[in-house]
Amino acid sequence: MIEPISSSTRDAVRAFFIDAWGSSEMVISTGTFDCATLDGFVWSEANVIIGLVTYVIREDAIEIISLDSLHERRGIGSALLDEVEQVAKRYQIERLSLITTNDNLRALAFYQRRGWRLVRIIPGAVDAARLQKPSIPVIGEHGIPLHDEIMLSKVITI
């Protein structure tokens, strides 16, 4: 079941981030965010969060700050993205954006299959974020050194 993050789910959202990432803080080139306080949606089964997305609304775009699914290939991530697209349409915002890291090959494939385009590489952005949040690893997925951010964007019809 998908529902908006609310005051009744905030503690569970914070616990989800701490379990998955060690912290609810996200440090990226567009800012530092406490993901547990952001707008978003959760996918729960038996009152357990198995997927969630958080976002911020900007003047010209909705920026997705986090997207997590504990069970891949079940449509959870796609359904959560669809919810954010509906928010964009409601606010008449034509563009979605997000940032991922250079090592996150599965995410790059996932987003591109869903119509997202690579729009910018930010060299050294993860190195800079690591100065603020030392828990960011030096080596990422697949043994790839973690240095850069990749911005993706999707234009939607409103």
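Rules behind the numbers
- Residues numbered from 1 in each chain as written.
- Predicted model: local features only at pLDDT ≥ 70, side-chain atom pairs only at ≥ 80, totals over all residues.
- Heavy atoms only, no water.
- Salt bridge = Lys/Arg side-chain N within 4 Å of Asp/Glu carboxyl O.
- Helix = DSSP H or I, 4+ residues; strand = E, 2+ residues; numbered from the N terminus.
- Buried < 20%, exposed > 50% of the residue type's maximum accessible area, 1.4 Å probe, protein only.
- Core = buried A, V, L, I, M, F, W, Y, C linked by side-chain atoms within 4.5 Å.
- Contact = heavy atoms within 4.5 Å.
- UniProt positions renumbered as here; feature names shortened; annotations may be inferred.
- Lys, Arg positive; Asp, Glu negative; His and termini not counted.
- Pairing = 2+ DSSP bridges.
- Axes fitted to C-alpha atoms, helices over the stretch in contact; angles between N-to-C directions.

## Some details on the pattern of salt bridges
Reasoning step 1: According to the stated counting rule, one finds eight salt bridges in the structure shown.
Reasoning step 2: The partner of Arg 14 in a salt bridge is Asp 34, and the shortest N-O contact between them spans 3.3 Å. With Arg 14 in helix H1 (residues 10-21) and Asp 34 in strand E3 (residues 31-34), this residue pair connects regions lying 20 residues apart in the sequence.
Reasoning step 3: Taking relative accessible area as the criterion, Asp 34 reaches 26% and is therefore assigned partly exposed.
Reasoning step 4: A salt bridge links Glu 45 to Arg 74, with the nearest nitrogen and oxygen atoms 2.4 Å apart. With a gap of 29 residues between them, Glu 45 in strand E4 (residues 39-45) and Arg 74 in the loop between strand E6 (62-69) and helix H2 (76-90) connect regions that are remote in the sequence.
Reasoning step 5: For Glu 45, a relative accessible area of 31% corresponds to the partly exposed category.
Reasoning step 6: Taking relative accessible area as the criterion, Arg 74 reaches 43% and is therefore assigned partly exposed.
Reasoning step 7: Overlapping salt bridges, with partners in common, bring together Glu 72, Arg 106 and Glu 141 in one network.

## A look at the nonpolar core
Nonpolar side chains tend to gather and get buried jointly when the protein is soluble and globular.
Reasoning step 1: If you look at the biggest cluster of nonpolar residues, it comprises 25 residues, and the most contacted ones within it are Ile 62, Val 84, Tyr 111 and Trp 116.
Reasoning step 2: Of all the secondary structure elements, the ones that give two or more residues to this core are E4, strand E5 (48-57), E6, H2, strand E7 (95-101), helix H3 (105-113) and strand E9 (149-155).
Reasoning step 3: The biggest single contributor to this core is H2, with seven residues.
Reasoning step 4: Setting aside anything within four residues of it in sequence, one finds Trp 116 in contact with Ile 64, Leu 81, Leu 96, Ser 97, Leu 98, Tyr 111, Leu 152, Ser 153 and Lys 154.
Reasoning step 5: Core analysis: the next-biggest nonpolar cluster, separate from the first, contains 18 residues, Ile 28, Leu 38, Val 42 and Leu 52 among them.

## A closer look at the UniProt feature "domain: N-acetyltransferase" (unreviewed entry) in the protein chain
Reasoning step 1: In the numbering used here, UniProt assigns the feature "domain: N-acetyltransferase" (unreviewed entry) to residues 1-136.
Reasoning step 2: Measuring from the first to the last C-alpha atom of residues 1-136 gives 31 Å, for a span that is 32% helix and 36% strand.

## Notes on the side chain of Lys 133
Reasoning step 1: Mapped onto the elements, Lys 133 comes out in the loop between helix H4 (125-132) and E9.
Reasoning step 2: The buried charged residue Lys 133 lacks any salt bridge, with Glu 25 as its nearest oppositely charged partner at 4.9 Å.
Reasoning step 3: Residue contacts for Lys 133: discarding those within four places in its chain leaves Ser 23, Glu 25 and Val 27.

## Structural notes on the environment of Ile 93
Reasoning step 1: Residue position: Ile 93 is located in the loop between H2 and E7.
Reasoning step 2: Overall, Ile 93 belongs to the buried group, its relative accessible area being 7%.
Reasoning step 3: The spatial distance from the C-alpha of Ile 93 to the C-alpha of Ile 136 is 32 Å, given a sequence separation of 43 residues.
Reasoning step 4: Sequence-distant contacts of Ile 93, that is, excluding residues within four places in its chain, are made with Ile 57, Arg 58, Asp 60, Ala 61, Ile 62, Ala 88, Ile 156 and Ile 158.

## A closer look at the sheet that holds E9
The strands making up a sheet are joined through hydrogen bonds of the backbone, oriented either antiparallel or parallel.
Reasoning step 1: Sheet architecture is open: seven strands sit in the order E1-E4-E5-E6-E7-E9-E8, paired in mixed fashion. This sheet does not close on itself; its edge strands, each paired only once, are strand E1 (2-4) and strand E8 (117-122). Averaged over all adjacent pairs, the angle separating strand axes in this sheet is 25°, with direction ignored.
Reasoning step 2: One ladder, built from three bridges, connects E1 with E4; its direction is antiparallel. Opposite Ile 2, over in E4, you have Trp 43 as the bridge partner.
Reasoning step 3: Contacts between H2 and the sheet are confined to E1, E4, E5, E6, E7 and E9, with E6 contributing the most and set at about 160° to the helix.

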